[in-house]
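A structural walkthrough
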Amino acid sequence: VEDEIGCRNSLPFEVVTPPVIIPEFFTPNEDGINDKWVVEALREVYPDAKVQIFDRFGKLMAEYLGGETEGWDGKYKGTPMPSTDYWYVIDIEEIDRQFKGHFTLMRQ
């Protein structure tokens, strides 16, 4: 920083990216707890993150940007999907990262 009379000062700083917390399971039973698969930090911090969710055969179940929704509700075209594992790919250009993995949809 330099002021109007030419005095200079600097202060080093580090930018820490908020962690992306990916849940291992969710339970869409409409009890108000874990009803959607929500990846923490996407909506507020990485709204342009691209989220894709696939079934075990590679069929695309859902696709959205992190800021567009509060998460996946476990439905495909309005039909509730069965209890099983699903796979995700999350691309976050802002931090040049891609997350891949799986989670479990649990119904009772």
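For the structure, see preceding data.
The text that follows walks through the structure, step by step, so that each part is easy to find. A quick note: this is a predicted structure, and the numbers were derived from the prediction, not measured.

1. Details of the pattern of salt bridges
- Across all of its chains, the model carries two salt bridges by this definition.
- Salt-bridge contacts for K50 lead to E63; the nearest nitrogen and oxygen are separated by 3.4 Å. Highlighted residues: K50 in strand β2 (residues 50-54) and E63 in strand β3 (residues 60-65), separated in sequence by 13 residues.

2. Description of the environment of R107
- By secondary structure assignment, the location of R107 is in the segment after β7 (97-105).
- R107 sits in the partly exposed class, given a relative accessible area of 29%.
- In sequence terms R107 and G74 are 33 residues apart; their C-alpha atoms lie 9.8 Å from each other.
- Those residues in contact with R107, other than ones at most four positions away along the chain, are P28, G74, P80, M81 and S83.
- At 2.6 Å, the side chain of R107 and the backbone oxygen of M81 are in polar contact.

What counts and how
Residues numbered from 1 in each chain as written. Predicted model: local features only at pLDDT ≥ 70, side-chain atom pairs only at ≥ 80, totals over all residues. Heavy atoms only, no water. Salt bridge = Lys/Arg side-chain N within 4 Å of Asp/Glu carboxyl O. Helix = DSSP H or I, 4+ residues; strand = E, 2+ residues; numbered from the N terminus. Buried < 20%, exposed > 50% of the residue type's maximum accessible area, 1.4 Å probe, protein only. Contact = heavy atoms within 4.5 Å. Polar contact = N/O pair within 3.5 Å; in protein donor to acceptor, adjacent residues only side chain to side chain.

None of the figures reported here should be taken as evidence of function without further support.
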